Amino acid sequence: MKIVRIKKLSDAGMLLFAALFIFSQASNVGSTDVTYWAEVMIEGNKTLNVAANLPGIIGIVLDSGVTITNAEIAAECEIIGTNSTCWCGTDYVWSNLVCDSVNKCCNVDKCVANISHYTPLCLPKVNVSLIGLLTGSSSNVTASLDSAFRVLNAFNSLTILSTIYTGLNTYAHNFSVSLSSVFSTTKVQNIISTLRSNATVYSLNVKSLGMVYMEAPTGKVCYNSKQQLNCTSIEQMEKCVWQMVRGDETPLILGPGSEVMLSDTCTETTTVTLLKTNGFWSGTYMCLFVSGNIAHMALAPIQIALLPEVINVTSTPQTADCTEATSTKVTVSCSIENSTETYTAQLKVGTTENIAPTRDESNGAIKFTADFTVNCLAEGKPRSIDGGCTISNSLNQQRNRTIRIPIIYPSDLFCAEETVAGKKWPKTKNNETAVIDCVEPGRQGTLKRKCLGSKWGEEVSLCVKAILNIVSLQAKDFEKGLGATQEGAQLIFQSLRNNTASEEAENTFGDVKAGISVFQTMKNASVNMPLGENLLEDFLESASSMLNITWDVGDEEESSTLASQYLSSVEGLVKSIRINASEGYNASNIQFQVCRSSPSCNNTVFGVDVELNATADMVKTVGLQSLANRLPKQGYENALFPSVVVSATVENNTSPDVNIKLAFPNEEAGAKMLCVFWNVTEQRWSDEGCEFVQGPGNTPYCACNHLTSFSMLMSKHSVSMPFLNQITYIGLGISICSLIIYIIIECLVWSAVVKSSLSHFRHTALLNIALCLLLADCSFLASSFPSILNDTLCLVLVVAKHYFFLAMFFWMLCLSVMLVHQLIFVFSHIGKKVYMILGFTIGYVCPTLTVAITYVYYDKAADVPYYSTKTCWLTYKSAMVGSIHAFLIPVGTIVLVNMFAMVMVIVTVLKPSGAETNKKGDKEAAKSVIKVIIFLTPIFGGTWILGLFVFLMDDFTQFTTYLVHYLFTILNSLQGFFILLTGCFAEKRVRDEILRIVMFGKSGKGQGTTTTVTNK
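Everything quoted here is computed from the prediction, not taken from an experiment.

Caption draft 1: Fine view of the overall build of the protein chain. When its secondary structure is counted, the protein chain shows 19 helices and 52 strands. Counting all 1016 residues of the protein chain, 47% fall into the buried class. Of the accessible surface of the protein chain, which amounts to about 50400 Å², a share of 55% is contributed by carbon and sulfur atoms.

Caption draft 2: Highlighting the pattern of salt bridges. The tally for this structure, following the rule as stated, stands at 19 salt bridges. For Asp511, the salt bridge is made with Arg443, and the minimal N-O distance between the two is 2.8 Å. With Asp511 in helix 7 (residues 509–525) and Arg443 in strand 36 (residues 443–444), this pair connects stretches of sequence that are 68 residues apart. Among the residues examined, Asp511 registers a relative accessible area of 1% and is labelled buried. Among the charged side chains, a salt-bridge network with shared partners connects Glu440, Arg443 and Asp511.

Caption draft 3: How the structure looks around the packing of helix 12 (residues 791–824) against helix 13 (residues 832–860). Contact geometry of helix 12 with helix 13 gives a least axis separation of 9 Å together with a crossing angle of 145 degrees. Of the two possible hands of crossing, helix 12 and helix 13 adopt the one that is right-handed. When the residues that make up the contact of helix 12 with helix 13 are grouped by side-chain class, the tally is 18 nonpolar, six polar and no charged.

Caption draft 4: Structural view of the packing of aromatic side chains. One pass over the full model with this rule turns up 20 aromatic pairs. Centre to centre, the rings of Phe149 and Phe175 are 5.8 Å apart; their planes meet at 45 degrees, and the pair counts as tilted. Within this pair, whereas Phe149 is found in helix 3 (residues 142–149), its partner Phe175 is found in strand 11 (residues 170–179), the two being separated by 26 residues in sequence. Residue classification places Phe149 among the buried residues on the basis of a relative accessible area of 0%.

Caption draft 5: Highlighting the sheet that holds strand 15 (residues 227–233). Read from one edge of the open sheet, four strands run 13-15-19-18, paired in antiparallel fashion. Across the chains shown, the open sheet's two edge strands, defined by having one partner strand only, are strand 13 (212–215) and strand 18 (260–262). Averaged over all pairs of adjacent strands, the angle between their axes in this sheet comes to 15 degrees, without regard to strand direction. Of the strand pairs in this sheet, strand 15 and strand 19 (residues 269–274) are connected by six bridges, and their pairing is antiparallel. When the bridges of strand 19 are listed, Cys231 appears paired with Thr270.

Caption draft 6: Representation of the environment of Val460 in the model. The topology assignment puts Val460 in strand 38 (residues 455–461). Between the alpha carbons of Val460 and Thr446 there is a distance of 8.8 Å; along the sequence they are 14 residues apart.

Caption draft 7: A look at the side chain of Lys429. In this fold, Lys429 is placed in strand 34 (residues 428–429). The contact partners of Lys429, leaving out residues within four places of it in the chain, are Thr319, Arg383, Pro406, Ile407, Ile408, Asp412, Leu413, Phe414 and Cys451.

Caption draft 8: Examining a nonpolar patch on the surface more closely. A contiguous nonpolar surface patch, about 490 Å² in accessible area, is contributed by Leu995, Val998, Met999 and Phe1000. Residue placement: Leu995 occurs in helix 19 (residues 988–1000).

Caption draft 9: Representation of the nonpolar core within the structure. If you look at the biggest cluster of nonpolar residues, it comprises 74 residues, and the most contacted ones within it are Phe149, Phe175, Phe183, Trp281 and Ile391. Those residues within four positions of Phe149 in sequence are excluded, and the remaining contacts are Leu130, Phe155, Leu158, Phe175, Val177, Val188, Ile191 and Leu195. In terms of nonpolar packing, the next biggest core, distinct from the first, is built from 70 residues, Leu806, Met812, Tyr867 and Leu946 among them.

Caption draft 10: A look at the state of the cysteines. All chains considered together, the criterion is met by 13 disulfides. Disulfide partner of Cys99: Cys106, at an S-S distance of 1.2 Å. Between Cys99 and Cys106, the S-S dihedral sits near 80 degrees, and the bridge is therefore right-handed. Taking relative accessible area as the criterion, Cys99 reaches 0% and is therefore assigned buried. The exposure class assigned to Cys106 is buried, which follows from its relative accessible area of 13%. A sulfur-sulfur distance of 2.1 Å marks the disulfide that ties Cys794 to Cys872. Of the two residues, Cys794 is situated in helix 12 and Cys872 in the loop between strand 51 (867–868) and strand 52 (873–874); the sequence distance between them amounts to 78 residues. For Cys872, a relative accessible area of 0% puts it in the buried group.

Caption draft 11: Structural context of the sheet that holds strand 27 (residues 358–362). Strands sit in the order 22-24-28-27 across an open sheet of four strands; the sheet is antiparallel. Lying at the two open borders of the sheet, with one neighbouring strand each, are strand 22 (312–316) and strand 27. Averaged over all neighbouring strand pairs, the angle between strand axes comes to 25 degrees, with direction disregarded. Sheet analysis places strand 24 (residues 327–337) next to strand 28 (residues 365–375), joined by eleven bridges and oriented antiparallel.

Caption draft 12: A look at the packing of helix 10 (residues 724–753) against helix 19. Packing of helix 10 against helix 19 brings their axes to within 10 Å, and their N-to-C directions diverge by 110 degrees. In terms of their interaxial angle, helix 10 and helix 19 are classed as roughly perpendicular. Contacts between helix 10 and helix 19 involve Ile745, Leu748, Val749, Ala752 and Val753 from the first element and Arg989, Val990, Glu993, Ile994 and Ile997 from the second. Across the contact of helix 10 with helix 19, the residue classes break down as eight nonpolar, no polar and two charged.

Caption draft 13: Looking closely at the pairing of strand 9 (residues 128–136). Where strand 9 and strand 11 come together, nine bridges link them in antiparallel fashion. Bridge assignment links Gly132 to a residue of strand 11, and that residue is Phe175. Relative to strand 12 (residues 201–209), strand 9 runs antiparallel, the two sharing eight bridges. The partner of Ile131 across the bridge, within strand 12, is Lys207.

Caption draft 14: Representation of the side chain of Ser225 in the model. Mapped onto the elements, Ser225 comes out in the loop between strand 14 (220–221) and strand 15. At a separation of 2.7 Å, a polar atom in the side chain of Ser225 contacts the main-chain carbonyl oxygen of Cys222. At 3.0 Å, the side chain of Ser225 forms a polar contact with the side chain of Gln227. The residues contacting Ser225, other than those within four sequence positions of it, are Leu274, Leu275, Lys276 and Thr277.

Caption draft 15: Representation of unusual backbone geometry within the structure. Cis geometry marks the peptide bond from Thr119 to Pro120; its omega dihedral reads -5 degrees. As for its position among the elements, Pro120 is in the loop between strand 7 (110–112) and strand 8 (122–124). A positive phi angle, near 55 degrees, is found at Ala154, a position not held by glycine. Counting through the fold element by element, Ala154 comes out in the loop between helix 3 and strand 10 (155–167). Look at Asn224: it is not a glycine, yet its phi comes out positive at around 60 degrees. Taking relative accessible area as the criterion, Asn224 reaches 46% and is therefore assigned partly exposed.

Caption draft 16: Structural detail: the environment of Gly59. Along the chain, Gly59 turns up in the loop between helix 1 (50–53) and strand 4 (67–80). Distance in space between the C-alpha atoms of Gly59 and Asn70 is 8.1 Å, their sequence separation being eleven residues. When near neighbours in sequence (up to four residues on either side) are disregarded, Gly59 contacts Thr67 and Ile68.

Caption draft 17: The arrangement of helix 5 (residues 466–480) in detail. With 15 residues, helix 5 ought to run about 21 Å at 1.5 Å a step, and its terminal C-alpha atoms sit 22 Å apart, in line with that. Among all positions of helix 5, only Leu468, Val471, Ser472, Ala475, Asp477, Phe478 and Lys480 are buried. Buried residues along helix 5 sit in contact with strand 18, strand 39 (464–465), helix 6 (486–500), helix 7 and strand 40 (531–532). Following helix 5 by one or two positions, Gly481 has its phi on the positive side, about 120 degrees.

Caption draft 18: Structural view of a negative patch on the surface. Among the surface-exposed residues, Glu458, Asp552, Glu556 and Glu637 lie close enough to one another that they form a single negatively charged patch. Within the element layout of this structure, Glu637 appears in the loop between strand 44 (608–625) and strand 45 (644–651).

Caption draft 19: Inspection of helix 13 at higher detail. Taking 1.5 Å of rise per residue, 29 residues should cover 42 Å, and helix 13 covers 42 Å from first to last C-alpha, within 8% of that figure. Residues of helix 13 that are buried: Tyr835, Gly839, Gly843, Tyr844, Pro847, Val851, Thr854 and Tyr858.

Caption draft 20: Up close: the confidence of the model for the protein chain. Averaged over the protein chain, the pLDDT score is 81; the fraction of residues at 70 or greater is 85%. Every residue in residues 23–31 is under pLDDT 50, and counting partners more than four places away or in other chains gives 21 contacts. Note that pLDDT drops below 50 for residues 914–920; the model gives that stretch one contact with residues more than four away or on any other chain.

Conventions used here
Residues numbered from 1 in each chain as written. Predicted model: local features only at pLDDT ≥ 70, side-chain atom pairs only at ≥ 80, totals over all residues. Heavy atoms only, no water. Helix = DSSP H or I, 4+ residues; strand = E, 2+ residues; numbered from the N terminus. Buried < 20%, exposed > 50% of the residue type's maximum accessible area, 1.4 Å probe, protein only. Areas by Shrake-Rupley, 256 points an atom, 1.4 Å probe, with all protein chains shown as cover. Salt bridge = Lys/Arg side-chain N within 4 Å of Asp/Glu carboxyl O. Axes fitted to C-alpha atoms, helices over the stretch in contact; angles between N-to-C directions. Left-handed = near helix turned anticlockwise from the far one by under 90°. Nonpolar A, V, L, I, M, F, W, Y, C, P; charged D, E, K, R; others polar. Phe/Tyr/Trp six-rings, centres within 6.5 Å; stacked < 30°, edge-to-face > 60°. Pairing = 2+ DSSP bridges. Contact = heavy atoms within 4.5 Å. Patch = residues over 30% accessible without salt bridge, like charges linked within 9 Å, V, L, I, M, F, W, Y side chains within 5 Å. Core = buried A, V, L, I, M, F, W, Y, C linked by side-chain atoms within 4.5 Å. Disulfide = S-S within 2.5 Å. Parallel < 35°, antiparallel > 145°, perpendicular 65-115°, else oblique. Polar contact = N/O pair within 3.5 Å; in protein donor to acceptor, adjacent residues only side chain to side chain. Expected span 1.5 Å × (residues − 1). Lys, Arg positive; Asp, Glu negative; His and termini not counted. Charge placed at Lys NZ, Arg CZ, Asp CG, Glu CD. pLDDT = per-residue confidence, 0-100.

See the structure below:
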């Protein structure tokens, strides 16, 4: 809205009406409302009812295209000589301009002053409130507050809401001020400053309502949708804050998180975007623009069509017992947290559904229950049957959970029902795990026990202190962006420290697991909300306390997995915490040291000397005691591990090489030393890139240097072999130069050599193969030193390599399919338009879908990431588990198809054209076969067959493993050079055209062939 003053309609008169006209003008971006103020002068000897005539002009369209949408009297002035008396219309008050310029006009109905020239004279009334808290020694502040705030324009009233004696001669007064106009922030700040200058006033803070406009979704919004809230302040302020409150809880500050995004600007306008609306985000939102002791505030509730975040599905009994009857009954229960949402449930076992289960509400939960019959004579005797629960909300959105119900048949082994220390373990099938609720007071969670044959295994307690569950929920809120502040992070780590720093007997395996889950959550949260060094002590003390607890619960896999998660989360948090002044911190089981801006770093943690050479801003070294023996010993089962695990993190490294030396105290005289590092991605110890060195003075130490070789693309793990990296970089350098030359030559000779559809198909495919390989090789070189890349750049390069290598192979597939088609259907040609559509669809759309689906799938997977930050490449965990399979499977399939196409070409070449059976014919056939293999292998990806052997052969004690890795690296790093030779220089037409350009300086395009015929 903007205000424009219209000139007087008459020069003489004694009565002036200030009329408010609101005009609307359409534009190509929407509609704009403009407010105009018009003066109507009426002479003293005339009468005119202005109010009665104003409705007649509404709807008039002016010549400029403007439409009058509203008109009403805002102010009237009676002018007698040089004196004037003015008053505002109904529902109007003096403008701040009038009030501040002529103080006597404030808060009076009629003002005798020469103010008729002010624009605007009066403004519509608005509801504005000031809500304040004053603390001081006076028990009654009504008079002083009323006197101070009464000077504000359109003052209505001041109300003391409550007065509380807080002790030490201090009273807290909550008050509100009601106004009918907006105010100047500076004016209120001056009032606050004046009041605070009184010695009896200790503090005074004020919030306002009505100075900020908020745009928020109305009505109920869909679950898991994206919503945006916008706030605009009437005046520019210093900063802004977003808060959210649920019911009567304390408001929580919103910060950047996985489900919240805040705008950068924050003085006059601010925006918060909820990326995934769910139960966490249902509440009242407040935006506050703050300057000094005053905050302008707006509120809006957000109603979300909720779906339960947690659905607990259980079966009673946990195992369907078919040992004594032809059928058995199970009861499936589905429990969710109670809420204001109206839920419906559908329970299912096998193919049997129950759409109207029994509903019960108690203890803040809703429980749906239904009985089902399991057929013990079902065909095939399935080992288990699936049960499930589907919850629907008021917008018919759904969420479901499933469980697997094992079935015990007469011939199956099982563990009999057993009661131990008041805990009743149900009858359970062999190799299945029974789960029961915790019975210990003050703890929440479950106990589990595995059935081994017909004997019960060790009991594993996942019972957690109730307070640790609360801390875990706070951490999850923090990750999403709710309460994501430095103070919130410190409170989480303080709570964790206070509830883990106790005697070993007081902490369980479940407590450790809950604590590590908090570490993992905060590590993930640090991506959006950097963590400060103020929480370093609490973090390290709580992490150290966890190492005092026995993790051995009889399940080696469970314990080892927990140790891996512990190391990964602690290492990630150390990396994420921003260190400013701290030099380190030592706890009982963890020592943390820092080096700054030095080409080399020397630290000692728990007696281990660490020397790291890297040009970096900071090096963080951490020693963790009593951890090594808890990690999986895969491949090193008979080794004696030292008690200390050392981790070094390099920040902003500018050197491509990072060399680390670790001198461990050799406690076992004569023992053989092995240098290994913990591969976080692959969850195993590895000696790749590390070697044992006998230094000066027979001082033994481990030296590690991790680079990336080309054979890593097809390997399960990162590869380190002598000279393999050098071969990779030299080969890629030659390949990249060759591909650039090839692309330039193709562009120069294109119009001269591409004369038929067949040649057009071939050269189009070859050009796209070369382009994709060039970009893939460049991406590989850029990611050769993962230690100097941040996570985002590493991800971009992984996606680039994944995409461009796949695109190259899909174009190779296009080329081989085209060639086979020409061999089989000699007289049936594919049109140029059809081939181009098919080629670009297969060549670029297929790899796009493959990469996109793979990324989305593994991005949501909790246990296997899409890529490894250690190698900047796809991950491998086990057979068919890991994103590298989204590269290996399509590449392997295409290479096999292309090899089949090559065999067909060879068979066609070997077909006898006549009765040639002499030796010369055999020699020519052999030459033709060799020629086909040499020409087609580079452009059909034949050398990548070695990659399948690279993937399968990971026993580095065998000579053949080394041979395959070296052959794969040499042949495929030089693939671009081979394409230049076979795709360009081996074709006579291209050679002739290059020679023509070199000899005559121009291409032969457009030149025809002239033939002279002479008759004799």
